Amino acid sequence: MIMEAILVGLWAGIAGIDQFVGLTHLHRPIVTGPIIGLILGDLTLGLMAGATLELVWAGMVPLAGAQPPNVVIGGIIGTAFAILTGQDPDVAVGIAVPFAVAAQAIITLIFTAFSPVMHKMDDFARDGDTKGIDRLNYIQPVLFFIFFFVIAFLPIYFGAEQAANIVNMLPEWLINGLSVAGGIMPAIGFAMLLNIMFKVSYAPFFAIGFVAVAYGGLPILAVAIVGLSIAMYDYFMNDRLQTSAPSSGPVKEDDEEDYSDGI
């Protein structure tokens, strides 16, 4: 298990850097899930757990000082827990969120402790010392790599068998409760996302999707394909109308699209 723990820790370090520096979305659960599955020998369950955890964090977006539970630790620990204990991905969500909350609290402390570095950056900028600025910029990714490596390594190395034994000792009602809570979390994530994106003009499509799943029994993939088709049709029709419409002078303020909701 030492090699698996090291590999999981290395991936956590890479994903942690990506979350704050790279932003290539390598840190998302939909990506980390299959990777952890490959490391721990169960790609299918890793993909399922990663997809479930991705739904949880779909609407959890950091806004200013409000930081959601850490997506890297939540995705990696949740997926690893599901694989090592053989539990349903919904149960893994109930375990992942507390780890993610604790990790984000520590990250906030790291940010606070790191804040004086900004004053040093100002001094280097005032002196024109670009190399000094570069050196300080490298501290953050190195520090986060070490932090995420340790946080992901320890539970895998020391807690794999213990976690499995603890889960086997838990009463069935508690496991069922975690499963129910894990099933609710993706709905909460999507609700938070809809709170940002939803417009009245989108309501008919929302109703169509709901009826297709609740009453038509269509799988999510089928509904997603229908939604993609509608979006593509709307895009091409609008593009054709804009191309064929003659120019009528400058756009008036009242004619501009409403961006009041931030989208």
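The coordinates are above.
If you're wondering where the values come from, they're calculated on a predicted model, not measured in any experiment.

S.K.: Could you clarify how one ought to interpret the overall build of the protein chain in this entry?
M.R.: Secondary structure summary: the protein chain contains 10 helices and zero strands in total. Secondary structure elements in the protein chain, listed N-terminal to C-terminal, are α-α-α-α-α-α-α-α-α-α. Looking at the protein chain residue by residue over its 263 residues, the buried ones come to 31%. Total accessible area on the protein chain stands at roughly 16100 Å², and carbon and sulfur atoms take up 69% of it.

S.K.: Can you walk me through the pattern of salt bridges in this structure?
M.R.: Opposite charge on two side chains permits pairing when their charged atoms draw close. Applying the stated criterion across every chain, the model contains two salt bridges. In this structure, the salt-bridge partner of Arg-28 is Glu-54, at a minimum N-O distance of 2.9 Å. In this pair, Arg-28 sits in the loop between helix H1 (2-22) and helix H2 (29-40) while Glu-54 sits in helix H3 (residues 43-56), placing the two residues 26 residues apart along the sequence. Of the charged contacts, one joins Asp-123 and Arg-126 as a salt bridge, the two residues approaching to 2.8 Å between their closest N and O atoms. Of the two residues, Asp-123 and Arg-126 both sit in helix H6 (residues 116-127), three residues apart, roughly one turn of that helix. In this structure Asp-123 comes out as partly exposed when scored by relative accessible area, which is 32%. Among the residues examined, Arg-126 registers a relative accessible area of 61% and is labelled exposed.

S.K.: Looking at this model, I keep getting lost on the layout of surface pockets. Mind explaining?
M.R.: Considering only enclosed or pocket space, the largest pocket measures out at about 1400 Å³ in volume. Going through the elements one at a time, helix H8 (172-197), helix H9 (203-214) and helix H10 (220-244) are the ones with two or more residues in the lining of the largest pocket. In terms of residue class, the lining of the largest pocket is made up of 20 nonpolar, three polar and one charged.

S.K.: How should I be thinking about the nonpolar core in this particular structure?
M.R.: Proteins that are soluble and globular tend to have nonpolar side chains buried together. By size, the foremost hydrophobic cluster in this structure holds 32 residues, and its most contacted members are Val-8, Ile-36, Leu-40, Trp-57, Val-72, Ile-76 and Phe-148. Secondary structure elements with two or more residues in this core: H1, H2, H3, helix H4 (71-85), helix H5 (89-114) and helix H7 (130-169).

S.K.: What exactly am I supposed to notice about the packing of aromatic side chains here?
M.R.: How two aromatic rings sit relative to each other is set out by the distance from centre to centre and by the angle between their planes. Taken as a whole and assessed by the stated rule, the structure comprises eight aromatic pairs. Aromatic pair Phe-153 and Tyr-157: ring centres 5.4 Å apart, planes at 15 degrees, arrangement stacked. Of the two residues, Phe-153 and Tyr-157 both sit in helix H7, four residues apart, roughly one turn of that helix. Residue classification places Phe-153 among the buried residues on the basis of a relative accessible area of 14%. Members of the aromatic cluster, joined through ring pairs, are Phe-20, Phe-144, Phe-147 and Phe-148.

S.K.: Sorry, what's going on with the side chain of Gln-19 here?
M.R.: Mapped onto the secondary structure, Gln-19 falls in helix H1. On the accessibility criterion, Gln-19 (17% relative accessible area) is buried. A distance of 3.1 Å separates a polar atom in the side chain of Gln-19 from a polar atom in the side chain of Asn-70. The residues contacting Gln-19, other than those within four sequence positions of it, are His-27, Asn-70, Val-71, Val-72 and Phe-148.

S.K.: Explain the packing of H9 against H10 to me, please; I cannot follow it from the model alone.
M.R.: Interhelical geometry of H9 versus H10 gives an angle of 155 degrees and a closest axis separation of 10 Å. One finds that H9 runs roughly antiparallel with respect to H10. In this structure, H9 meets H10 at a crossing whose hand is right-handed. Counting all contacts with H9, which are made through Phe-205, Gly-209, Ala-212 and Val-213, the residues of H10 involved are Ile-220, Val-223 and Ile-230. Residue composition of the contact of H9 with H10, by class: six nonpolar, one polar and no charged.

S.K.: Explanation requested: the side chain of Glu-54 in the structure shown.
M.R.: Taking relative accessible area as the criterion, Glu-54 reaches 18% and is therefore assigned buried. One polar contact links the side chain of Glu-54 to the main-chain amide nitrogen of Ile-30, over a distance of 3.2 Å. With residues up to four places along the chain from it excluded, the contact list for Glu-54 reads Arg-28, Pro-29 and Ile-30.

So, how was this worked out
- Residues numbered from 1 in each chain as written.
- Predicted model: local features only at pLDDT ≥ 70, side-chain atom pairs only at ≥ 80, totals over all residues.
- Heavy atoms only, no water.
- Helix = DSSP H or I, 4+ residues; strand = E, 2+ residues; numbered from the N terminus.
- Buried < 20%, exposed > 50% of the residue type's maximum accessible area, 1.4 Å probe, protein only.
- Areas by Shrake-Rupley, 256 points an atom, 1.4 Å probe, with all protein chains shown as cover.
- Salt bridge = Lys/Arg side-chain N within 4 Å of Asp/Glu carboxyl O.
- 1 Å grid on protein atoms, 1.4 Å probe; cavity = no way out; pocket = protein on both sides within 12 Å on 5 of 7 lines; lining within 4 Å.
- Points joined across faces, edges and corners; volume = space filled by probe spheres on them.
- Nonpolar A, V, L, I, M, F, W, Y, C, P; charged D, E, K, R; others polar.
- Core = buried A, V, L, I, M, F, W, Y, C linked by side-chain atoms within 4.5 Å.
- Phe/Tyr/Trp six-rings, centres within 6.5 Å; stacked < 30°, edge-to-face > 60°.
- Polar contact = N/O pair within 3.5 Å; in protein donor to acceptor, adjacent residues only side chain to side chain.
- Contact = heavy atoms within 4.5 Å.
- Axes fitted to C-alpha atoms, helices over the stretch in contact; angles between N-to-C directions.
- Parallel < 35°, antiparallel > 145°, perpendicular 65-115°, else oblique.
- Left-handed = near helix turned anticlockwise from the far one by under 90°.

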